[in-house]
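Overview (structure and organization)
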Amino acid sequence: MKVRKAVFPVAGLGTRFLPATKAMAKEMLPVVDKPLIQYAVEEAYASGIREIIFVTGAGKNAIENHFDHSCELEHMLMARGKDAQLKMIHSLIPESGSIIYTRQNQPLGLGHAIWCARNIVGNEPFAVLLADDLIKAEKPVLKQMMEKFDELQSSIVSVVEVDPKETSKYGILDADPLVNSVTKIRGLVEKPKPKEAPSNLAIIGRYILTPEIFTILQGKETGAGGEIQITDAMARLLKTQDIYGYRYQGTRFDCGNKAGFQMANLAFSLDRPDMRERLLPFIRNLIDKY
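Scope of this entry: the structure provided in the associated data block. (Residues numbered from 1 in each chain as written. Predicted model: local features only at pLDDT ≥ 70, side-chain atom pairs only at ≥ 80, totals over all residues. Heavy atoms only, no water.)

**Some details on the overall build of the protein chain**
Looking only at helices and strands, the protein chain features 11 helices and 13 strands. Taken over the C-alpha trace, the protein chain has a radius of gyration of 20 Å; the compact-globule value for 290 residues is 19 Å, and the two agree within 12%. Expressed as lengths along the three principal axes of its C-alpha atoms, the size of the protein chain is roughly 60 × 50 × 35 Å. The buried share among the 290 residues of the protein chain stands at 48%. Summarising the internal contacts of the protein chain: among those between residues at least 6 apart in sequence, 75% fall at separations of at least 24. As displayed, the protein chain offers around 15,100 Å² of accessible surface, 51% of which is attributable to carbon and sulfur atoms. One finds the centroid of the 37 positive side-chain charges in the protein chain at a distance of 3 Å from the centroid of its 35 negative side-chain charges. (Helix = DSSP H or I, 4+ residues; strand = E, 2+ residues; numbered from the N terminus. Rg over C-alpha atoms; globule rule 2.2 N^0.38 Å. Buried < 20%, exposed > 50% of the residue type's maximum accessible area, 1.4 Å probe, protein only. Contact = heavy atoms within 4.5 Å. Areas by Shrake-Rupley, 256 points an atom, 1.4 Å probe, with all protein chains shown as cover. Lys, Arg positive; Asp, Glu negative; His and termini not counted. Charge placed at Lys NZ, Arg CZ, Asp CG, Glu CD.)

**A short note on the packing of aromatic side chains**
For any pair of aromatic rings, the description consists of the separation of the ring centres together with the inter-plane angle of the planes. By the definition in use, this model includes 7 aromatic pairs. Ring centres of phenylalanine 8 and phenylalanine 54 lie 5.5 Å apart, and the angle between their planes is 55°; this geometry places the pair in the tilted category. Placement of phenylalanine 8 in strand 1 (residues 5-9) and of phenylalanine 54 in strand 4 (residues 51-56) is noted, with a sequence separation of 46 residues between them. For phenylalanine 54, a relative accessible area of 0% puts it in the buried group. Through a chain of ring-to-ring contacts, the aromatic side chains of Phe8, Phe54, Phe67 and Tyr101 assemble into a single cluster. (Phe/Tyr/Trp six-rings, centres within 6.5 Å; stacked < 30°, edge-to-face > 60°.)

**Side note on the side chain of threonine 21**
Mapped onto the secondary structure, threonine 21 falls in the loop between strand 1 and strand 2 (30-31). On the basis of relative accessibility, which here comes to 6%, the residue threonine 21 falls in the buried class. Within the local environment of threonine 21, its side chain forms a polar contact with the backbone oxygen of glycine 14, the two atoms lying 2.6 Å apart. (Polar contact = N/O pair within 3.5 Å; in protein donor to acceptor, adjacent residues only side chain to side chain.)

**Points about the packing of helix 3 (residues 71-79) against helix 4 (residues 83-90)**
Helices that pack against each other are described as a pair by the angle of their axes relative to one another and the distance between those axes. Relative orientation of the contacting elements helix 3 and helix 4 amounts to 155°, with a least axis distance of 8 Å. By the angle between their axes, helix 3 is roughly antiparallel relative to helix 4. In the crossing of helix 3 with helix 4, the sense of the turn from one axis to the other is left-handed. Contacts between helix 3 and helix 4 involve Leu73, Glu74, Leu77 and Met78 on the former and, on the latter, Gln85, Leu86, Ile89 and His90. (Axes fitted to C-alpha atoms, helices over the stretch in contact; angles between N-to-C directions. Parallel < 35°, antiparallel > 145°, perpendicular 65-115°, else oblique. Left-handed = near helix turned anticlockwise from the far one by under 90°.)

**A word on helix 10 (residues 258-270)**
Compared with the 18 Å implied by 1.5 Å per residue over 13 residues, the 19 Å span of helix 10 between its first and last C-alpha is a close match. Taken together, the buried positions of helix 10 are occupied by Gly260, Phe261, Ala264, Asn265, Phe268 and Ser269. Seen from one end, helix 10 has its buried residues packed into an arc of 165°, which puts them on one side. Buried residues in helix 10 make contact with strand 2, helix 1 (36-46), strand 7 (133-136), strand 13 (251-254) and helix 11 (273-289). (Expected span 1.5 Å × (residues − 1). Arc of directions from axis to C-beta.)

**Thoughts on helix 1**
Most of helix 1 sits out of view: 8 of its 11 residues are buried. Every buried residue belonging to helix 1 is among Leu36, Ile37, Gln38, Tyr39, Ala40, Val41, Glu43 and Ala44, and all of these are buried.

**Side note on the pattern of salt bridges**
This model, assessed by the stated rule, comprises 20 salt bridges. The salt bridge involving glutamate 42 is made with lysine 34; its shortest N-O contact spans 2.7 Å. Salt bridges sharing common partners tie together Arg4, Lys5, Glu51 and Glu124. (Salt bridge = Lys/Arg side-chain N within 4 Å of Asp/Glu carboxyl O.)

**So, the side chain of serine 199**
Take serine 199: it is sitting in the loop between strand 10 (182-190) and strand 11 (201-209). Judged by its relative accessible area of 18%, serine 199 is buried. Among the polar contacts listed, one links the side chain of serine 199 to the backbone oxygen of leucine 173, at a separation of 2.5 Å. Excluding its chain neighbours within four sequence positions, the residues that come into contact with serine 199 are Thr167, Ile172 and Leu173.

**Topic: the pairing of strand 8 (residues 155-161)**
With respect to burial, strand 8 is a largely interior element, 6 of its 7 residues being buried. As defined by bridge partners, strand 8 adjoins strand 12 (residues 243-247) across 5 bridges and the pair is classed as parallel. For serine 155, the partnering residue across the bridge sits in strand 12 and is isoleucine 243. Both strand 8 and strand 11 contribute to a ladder of 5 bridges, which runs antiparallel. Bridge pairing links isoleucine 156 to isoleucine 208 in strand 11. (Pairing = 2+ DSSP bridges.)

Next comes the structure, spelled out in structure tokens:
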């Protein structure tokens, strides 16, 4: 089985970034000069994915427009001879038919969002990427995971060690210590209190799942927060299939919170020689002040 399709749940309201997200999709918030969702889509394409499935909601038209032609803008750039910028925006447009949109009509959680893509995914393994988790890596994290999937032929989730005090924010693994970056999962718990957490290995926003997960999600059982949790569904899938945790190679920025978003902007800006020369003296001055 090969992973050919990737699901992007983008129906969230982005309440943690209000008022910026009142009229703007949170996935369109820019890190330097690219929106978060573009980084995630580029990671998928660079990993060999060719079919992108967006699970959208109300107010997400900007995402569709971003990955489509803008005739007025393109004509203006052409008329002004801005060939580099024209080429850049053309690169956002995928081959015909490779991006599909479907709606999550109720905000019932990540598990429900993934279930909404069931008829498009069909009976094959698929990836899930959450744009909030932006990861700098020499080899795309999803590609790392797809290589492991080719070897194991089982569902895989990306994991990271978190501060034990932070377990209530994540799906947490009950698993042995990592060996060569991989561990076989015994159980999963959604957002446990620190005293109840089986480990500090937390799932972050990269998954490869087998299609049997849809049968479980079909039951629409709710968990933490009254939502349909993908972590709970994977815990039930464990009864019939193996699932593995994979510690990716790369640096993760949690752009679902304001501090992590600003850290990502700083880190990606400093990678740009044209910006680094101006930013470094400014940052040093700020550090001296604070």
